Structures are given as C-alpha cells and as structure tokens.
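Below are the chains, spelled out letter by letter.
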Amino acid sequence: MEEKKGISKKIWMIILSIVFGVGLIIAGAGMVFYGGTKDIEYEDLNGGEVSLTYTDDENVFSITQSVPMSDVVGKAQDGADKYFDFTVSTDINNANNIEYSVILLKDETASTTLNENIRIYLEKQSSGTYEEAFGPSVFMANVRDEEYHGDAMTILKVKKKNTTKDNYRLRMWVSEDASIKPEEIQNYTVKIIVKGKAS
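We now turn to the structure provided with this report. In this text the structure is predicted, and so the values were computed from the model without any measurement. (Residues numbered from 1 in each chain as written. Predicted model: local features only at pLDDT ≥ 70, side-chain atom pairs only at ≥ 80, totals over all residues. Heavy atoms only, no water.)

## Examining the overall build of the protein
Argument step 1. Across its full length, the protein holds two helices and eleven strands.
Argument step 2. When the 199 residues of the protein are sorted by exposure, 38% land in the buried category.
Argument step 3. Of the contacts formed within the protein by residues at least 6 apart in sequence, a portion of 74% connects residues at least 24 apart.
Argument step 4. Here the protein has roughly 12,200 Å² of accessible surface; of this, 53% comes from carbon and sulfur atoms. (Helix = DSSP H or I, 4+ residues; strand = E, 2+ residues; numbered from the N terminus. Buried < 20%, exposed > 50% of the residue type's maximum accessible area, 1.4 Å probe, protein only. Contact = heavy atoms within 4.5 Å. Areas by Shrake-Rupley, 256 points an atom, 1.4 Å probe, with all protein chains shown as cover.)

## Quick notes on the layout of surface pockets
Argument step 1. Estimates place the volume of the second largest pocket at around 170 Å³.
Argument step 2. Every residue lining the second largest pocket is listed: Ser62, Ile63, Thr64, Gln65, Ser66, Met69, Gln77, Asp81, Lys82, Met172 and Trp173.
Argument step 3. For the lining of the second largest pocket, the secondary-structure elements that each account for two or more residues are strand 3 (60-63) and strand 10 (164-175).
Argument step 4. Its residues assigned to classes, the lining of the second largest pocket shows four nonpolar, five polar and two charged. (1 Å grid on protein atoms, 1.4 Å probe; cavity = no way out; pocket = protein on both sides within 12 Å on 5 of 7 lines; lining within 4 Å. Points joined across faces, edges and corners; volume = space filled by probe spheres on them. Nonpolar A, V, L, I, M, F, W, Y, C, P; charged D, E, K, R; others polar.)

## Digging into the pairing of strand 11 (residues 188-198)
Regular strands place their side chains on alternate faces of the sheet.
Argument step 1. By the criterion of burial, strand 11 is predominantly enclosed, with eight of the eleven residues buried.
Argument step 2. With nine bridges connecting them, strand 6 (residues 98-106) and strand 11 associate as antiparallel partners. Residue Ile103 lies in a different strand from strand 11, and its bridge partner there is Ile193. (Pairing = 2+ DSSP bridges.)

## Some remarks on the nonpolar core
Side chains of a nonpolar character, in soluble globular proteins, are inclined to be buried together.
Argument step 1. Counting residues in each nonpolar core, the largest one holds 29 residues, and the members touching the most others are Phe86, Ile120, Ile155 and Leu170.
Argument step 2. Counting residues per element, the ones that place at least two in this core are strand 2 (49-54), strand 3, strand 5 (84-91), strand 6, strand 7 (118-126), strand 9 (152-160), strand 10 and strand 11.
Argument step 3. Apart from the residues lying within four places of it in its own chain, the contact partners of Ile155 are Val102, Leu104, Ile120, Leu122, Phe134 and Leu170.
Argument step 4. In terms of nonpolar packing, the next biggest core, distinct from the first, is built from six residues, Ile103, Tyr148, Ala152 and Ile193 among them. (Core = buried A, V, L, I, M, F, W, Y, C linked by side-chain atoms within 4.5 Å.)

## Considerations on the sheet that holds strand 3
Argument step 1. Judged by pairing direction, the sheet is antiparallel, and its four strands sit side by side in the order 3-11-6-9 without closing on themselves. A single partner strand is all that each edge strand has here, and the edge strands are strand 3 and strand 9. Taken pair by pair, the neighbouring strands of this sheet meet at an average axis angle of 20°, ignoring direction. (Axes fitted to C-alpha atoms, helices over the stretch in contact; angles between N-to-C directions.)

## Focus: the pattern of salt bridges
If the charged atoms of two oppositely charged side chains come close together, the side chains can form a pair.
Argument step 1. Per the counting criterion, the structure on display carries eight salt bridges.
Argument step 2. Close ionic contact of Arg119 with Asp71 constitutes a salt bridge, the shortest N to O distance being 2.6 Å. With a gap of 48 residues between them, Arg119 in strand 7 and Asp71 in helix 2 (residues 71-75) connect regions that are remote in the sequence.
Argument step 3. Take Arg119: its relative accessible area is 17%, and that puts it in the buried class. (Salt bridge = Lys/Arg side-chain N within 4 Å of Asp/Glu carboxyl O.)

## Observations concerning unusual backbone geometry
Argument step 1. Cis geometry is found at the peptide bond from Gly135 to Pro136, where omega equals 5°.
Argument step 2. With respect to the element layout, Pro136 can be found in strand 8 (residues 129-138).
Argument step 3. Positive phi, normally seen in glycine, also occurs at Gln65, with a value near 50°.
Argument step 4. Positionally, Gln65 belongs in the loop between strand 3 and strand 4 (68-69).
Argument step 5. Owing to a relative accessible area of 63%, Gln65 belongs among the exposed residues under this scheme.
Argument step 6. Within the chain, Ser127 stands out as a residue other than glycine whose phi angle is a positive 55°.
Argument step 7. As for its position among the elements, Ser127 is in the loop between strand 7 and strand 8.

Okay, structure coming up:
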C-alpha cells in the first residue's frame, strides 16, 4: 500500500513538472512575440492620453544603400527591414476627442540623400489588411517647431472620439526620378513621433 502511494506521488510530480514546463515554454514564446513592444512616447493630455508603441529596438526607420525604384515596387516591398510597424493608442478618458499627428523627423547625420529623392508611404490596418493612409509622396519638411532640430514632416492627422488603437505600416524608398550618380550611397533615416491634443 505504501509502495502504491509512493508511485502515485511520483506520477503526480511528473505530471506537475510537465505542466509547469509547458507553461514556461508558452510564457517564453509570448515574451518573444510581445516582449519587443515598447511605449516610446506617452502624452497625458487635457483629459485624455495618446501613446506610440512599436516592436523594433527604436522608433527609428532607416533605408540603407537603397537604389531608385518605382512607386509600384516601393509599395510592395516586403521583409523585416523594408517597413516599420507601429501603433498609436488613444484613451479618451474625460476628453471629448483627441487629435493626433504622425510626424517623421529626419536624422541629418545618418541621411546621405536629399529629401526630394525620398518617397514616403503609410498604410493603416483595417480588417486584417493594410490600406493606403498617406502617399506615396516626396519627403517635404512642413513642421516649424524649435523642438525638432532637423527637417520634420507631418504625414497624418487623425481625430478620435473614442478610445482606439490604430496600427500603421511605414515604407520609404528612393524615387525612380532621383538625380543621383550610381556610386552615391543612398541612406535615409527618420524618427517616428506622435503628438496629440485633447479637447
């Protein structure tokens, strides 16, 4: 009888160990999948909140040693380094609405090509697919703010009346009309910024 109890106890210990091990594997997989998401900008507005989250190491998107291409090809680029995914979250709280802007700030040090050589394209996720939200358009500095030490461009303005999460995908490429020499290296880097205001 004592021997049977000992065997049963061992079986339960084995089962618990397996369940615990599977739990650790699932938790680890979750960390790999979700762990890269970070809040990089959070604003406590007048009665509301807006934040930007992303899965890359930084809120920076770069194209390096890029060659000129058409808009058709640029819009279809695929692969981890060919686009930048991010999410803008709004929490209305006590505000009537929140308006947020998506701004691209050029990194003057890392960028080697002219603004007019760069095409910008933004998509928004809708029903599981991505649809055009902005562009394709040439990078054109249109923000005048001492806060930004470099060329900045507002590519999107959105007004929200409810608490939401909007998923976006940003692409950049060198225009097929760019006047460049074959030996010139075409690098371009932008920082993604979100600014909001509540009313």
